[in-house]
Amino acid sequence: MSDTASGGLKKTLKLRHLFTLGVGTIVGVAWLMVLGSVLGSAGPLGAAIGFIAGAGAMIPIGLCYGELASALPHAGGEMVYAHELFGIRPAYFAGLCLAFIYVINCVFFAVSVGWLLNEMIPGIRGEKIYSVLGSEVHPGDILIGTLVSLALLAAHWRGARDAARLQDIATYALLFATCVFVVLGILHGRVENLRPLIAPSDWAWGYGGVFGALAVTPYFFGGFNTIPQAVAELANPADRRHVALVLAICILTSLLFYCGVLAAVAMAMPREQLLSAELPVVEAFRTVFRSGAAANLVLCAGVLGLLAVWNALFFAATRVLYAMGRSHLLPPALGRLRGEGKAPANAIMLVTLLSIIGLFLGKGVLLPVVNLSSTLFAVMYALVCLGVVRHRRTSMPTAGYRVPGGVALIWLAASVALYLVGLPLLPQCRDAGN
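For clarity, every value in this text was computed on a predicted model and none was experimentally measured.

(A) A look at the overall build of the chain. On a plain count of helices and strands, the chain comes out with 20 helices and two strands. As displayed, the chain has an accessible area near 17100 Å², and 67% of this comes from carbon and sulfur atoms.

(B) Representation of the layout of surface pockets. In this structure, the second largest pocket encloses a volume near 240 Å³. Around the second largest pocket, the lining residues are Lys10, Thr12, Arg158, Gly159, Ala160, Arg161, Asp162, Arg165, Arg338, Gly339, Glu340 and Gly341. Among the residues forming the lining of the second largest pocket, the class breakdown is one nonpolar, four polar and seven charged.

(C) Layout of the packing of helix α8 (residues 139-157) against helix α9 (residues 160-188). Two elements in contact, α8 and α9, have axes whose closest approach is 6 Å; the angle formed by their N-to-C orientations is 125°. The orientation of α8 relative to α9 falls into the category oblique. Within the contact between the two elements, α8 uses Leu152, Ala155 and His156 and α9 uses Asp162, Ala163 and Leu166. Across the contact of α8 with α9, the residue classes tally to four nonpolar, one polar and one charged.

(D) Spotlight on helix α5 (residues 44-71). For α5, with 28 residues, the first-to-last C-alpha span of 40 Å sits near the 40 Å given by 1.5 Å per residue. With 21 of 28 residues buried, α5 lies mostly within the body of the structure.

(E) Broad picture of empty space enclosed by the protein. Applying the stated criterion across every chain yields a total of three cavities of 30 Å³ or more. Leu21, Ala163, Ala164, Gln167 and Phe315 are the residues nearest the centre of the second largest cavity, which is lined by 14 residues in total. Elements with a contribution of two residues or more to the lining of the second largest cavity: α2 (15-27), α9 and α15 (292-326). Per element, the largest residue contribution to the lining of the second largest cavity is five residues, and it comes from α9. Here the residues of the lining of the second largest cavity are counted per class, giving eight nonpolar, five polar and one charged.

(F) Representation of the packing of α8 against helix α16 (residues 345-358) in the model. Viewed as axis vectors pointing N to C, α8 and α16 meet at an angle of 170°, and their least axial separation amounts to 9 Å. On the basis of the axis angle, α8 is roughly antiparallel to α16. When α8 is examined against α16, the residues Thr146, Ser149, Leu150, Leu153, His156 and Trp157 are found in contact with a partner set consisting of Ala345, Ile348, Met349, Thr352, Ser355 and Ile356. In the contact of α8 with α16, the residues fall into seven nonpolar, five polar and no charged.

(G) Structural context of the packing of aromatic side chains. For the structure shown, the criterion picks out 10 aromatic pairs. Among the aromatic side chains, those forming a connected cluster through ring pairs are Phe51, Phe221, Phe257 and Tyr258.

(H) Fine view of a nonpolar patch on the surface. A cluster of nonpolar side chains, Phe176, Val180, Val183, Leu184 and Leu187, forms an exposed patch at the surface whose accessible area comes to about 480 Å². Residue position: Val180 is located in helix α9. Taking relative accessible area as the criterion, Val180 reaches 32% and is therefore assigned partly exposed.

(I) Spotlight on the confidence of the model for the chain. Across the chain, the average pLDDT comes to 83, with 90% of residues at or above 70. Here helix α1 (residues 2-6) stands out as the least confident element of the chain, with mean pLDDT 43; α16 is the most confident, with 94. Between residues 2-7, whose pLDDT stays under 50, and residues either more than four places distant or in other chains, the model counts 16 contacts. Every residue in residues 430-434 scores below 50 in pLDDT, and together they form two contacts with partners more than four places removed in sequence or on other chains.

(J) Structural context of the side chain of Thr146. The residue Thr146 is located in helix α8 in this model. Only 2.7 Å separates the side chain of Thr146 from the backbone oxygen of Ile142, close enough to count as a polar contact.

(K) Here's a closer look at the environment of Arg165. Along the chain, the position of Arg165 falls in helix α9. Along the chain, Arg165 and Leu13 lie 152 residues apart, while their C-alpha atoms are 10.0 Å from each other.

(L) The arrangement of the state of the cysteines in detail. Taken as a whole and assessed by the stated rule, the structure comprises zero disulfides. Counting only cysteine sulfurs, Cys385 is the nearest neighbor of Cys64, a cysteine outside any disulfide, at a range of 3.9 Å.

(M) The arrangement of the pattern of salt bridges in detail. This structure, assessed with the given rule, holds seven salt bridges. Overlapping salt bridges, with partners in common, bring together Arg158, Asp162 and Arg165 in one network.

(N) Molecular detail of the environment of Ala230. Examined against the element boundaries, Ala230 turns out to sit in the loop between α11 (217-220) and α12 (243-268). For Ala230, a relative accessible area of 1% gives the class buried. Ala230 sits 157 residues away from Pro73 along the chain, and the two C-alpha atoms are 8.7 Å apart. If sequence neighbours within four positions are ignored, Ala230 has contacts with Leu13, Leu18, Leu21 and Phe315.

(O) Molecular detail of unusual backbone geometry. Of note, the amide linkage connecting Arg195 to Pro196 takes the cis form, showing an omega dihedral of -10°. Among the secondary structure elements, Pro196 is positioned in the loop between α9 and α10 (208-215). Despite not being glycine, His328 shows a phi value in the positive range, around 65°. Mapped onto the elements, His328 comes out in the loop between α15 and α16.

Definitions and limits used
- Residues numbered from 1 in each chain as written.
- Predicted model: local features only at pLDDT ≥ 70, side-chain atom pairs only at ≥ 80, totals over all residues.
- Heavy atoms only, no water.
- Helix = DSSP H or I, 4+ residues; strand = E, 2+ residues; numbered from the N terminus.
- Areas by Shrake-Rupley, 256 points an atom, 1.4 Å probe, with all protein chains shown as cover.
- 1 Å grid on protein atoms, 1.4 Å probe; cavity = no way out; pocket = protein on both sides within 12 Å on 5 of 7 lines; lining within 4 Å.
- Points joined across faces, edges and corners; volume = space filled by probe spheres on them.
- Nonpolar A, V, L, I, M, F, W, Y, C, P; charged D, E, K, R; others polar.
- Axes fitted to C-alpha atoms, helices over the stretch in contact; angles between N-to-C directions.
- Parallel < 35°, antiparallel > 145°, perpendicular 65-115°, else oblique.
- Contact = heavy atoms within 4.5 Å.
- Expected span 1.5 Å × (residues − 1).
- Buried < 20%, exposed > 50% of the residue type's maximum accessible area, 1.4 Å probe, protein only.
- Phe/Tyr/Trp six-rings, centres within 6.5 Å; stacked < 30°, edge-to-face > 60°.
- Patch = residues over 30% accessible without salt bridge, like charges linked within 9 Å, V, L, I, M, F, W, Y side chains within 5 Å.
- Salt bridge = Lys/Arg side-chain N within 4 Å of Asp/Glu carboxyl O.
- pLDDT = per-residue confidence, 0-100.
- Polar contact = N/O pair within 3.5 Å; in protein donor to acceptor, adjacent residues only side chain to side chain.
- Disulfide = S-S within 2.5 Å.

In C-alpha cells form, the structure reads like this:
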C-alpha cells in the first residue's frame, strides 16, 4: 500500500501549506458557531482550562503523527499506517472512518454556508421548502452550497498547488481579522463580565463544564490530522522531519486563537445577555462596537473560516478516497490521476457530488452524524500512537523524526487518546443515570 498510496501525486507543497492546512481545519468556523455554548457551560476560565488541557493532550499525539508521517510519507495517513503496522482489515476500518469523517463534514459545511450567509444578508436563503428532523431546508442553502462546492472542485481540479493557495488566503485572512477583533474586543470589554470565571455544574464536583470543554477537544483540535494527508506531496523530502514541529505549532496557534476569542467574547457583555443570543460571538462584537457592520465583519471572518476548513477537509477527503482506490479497498477508479497537476479527478468529483446531495438532507439529519467526529478522531489518535510503539518494535531505526522522551511519552499519548475515545460519552452516561 505504501508504494501505491503515494502514487503519482505531484510534489508541490511546502511546510507553510501544511501550517495553513492544519490551522484552517482546526480553527475553521467552530469558534463562531459552537464556542458560545462551551463558554456558557464552563465559563471563560473553565473553558480556557479545558482547551489548555486539551492542547496539552493533543501535542504528544501530534508528535506521534509526526514520527509516522516521517517514516511513512504517503497519502492516506492513518489508513497507510494501519496497513503497514497492523494489516489490511485495520487499514480498511481506518480508511472508512477517515472517509466518513471528512466527507460527512464536507457535506455539513455545504449545508451551513447558506445559513451563515443568511445571517449577513437576511432573506438570501428564501422560503422553507420542507423540514427534516426539525431542520428547515431552503432553496438558497441548496444554491449557495452547490456553487461553493463547484468552486472547490475547480480549485482542486488542477492539483494541490491551487488548493493550497486558496487555503493560504482563507487561513491568513481569518487569523488577521480575528486578531483585530479580539484585541479591540478586549480593549472595549469589561472585566466584571468575566464572572463567574468557572460556571458551576451539578456533576464532576461542580467542574463538569471544564470536563465538558475537554470532551470536545478532539473536535476543536481535530484538524491537525489532515496534515499527514498532504505529506506525500511535499516538494522537499527533507521537510518531512519538520512535520511534527508544524503539527505542534498548529495546535498552539489554535489554542491562542480560542483563548483570545473566549476572553474577548466573555468581556463584551453580561453572561445572561450573552447566553440568550443565537450566535453569542457575533452578538458580543455587535454590542461592543454598537454596530451591525461590525457583526457582519465577524460573520465575514466566519465565512473565511468555513471556507478554510471546508477546503482542507475536501483535500483530505479526496486523498483518502484516492489512497483507498489505489489500494483496491474502494473502486480503483478513485485512484486515477489526471492532467499535469496529477489531481485525483474521480475522488474530487465524488466528494463534490456527495456534498451537493447532502444539501437536500438538512442539518437535522447531519448534525447527529457529525457529532460522532470527536469519537472517531480519538480512535484514529489511538491507532497512530499505538502504531508508533509497534513501528519502533518491528522496524529498523531511520533517520527521520522520532518522538522525544522515549516510549514513555508515546504511551502517555496513547493513554490520552484512549481516554478521549470515551470522554464524549460521559455527559450522556451522567444524563442517563439521572
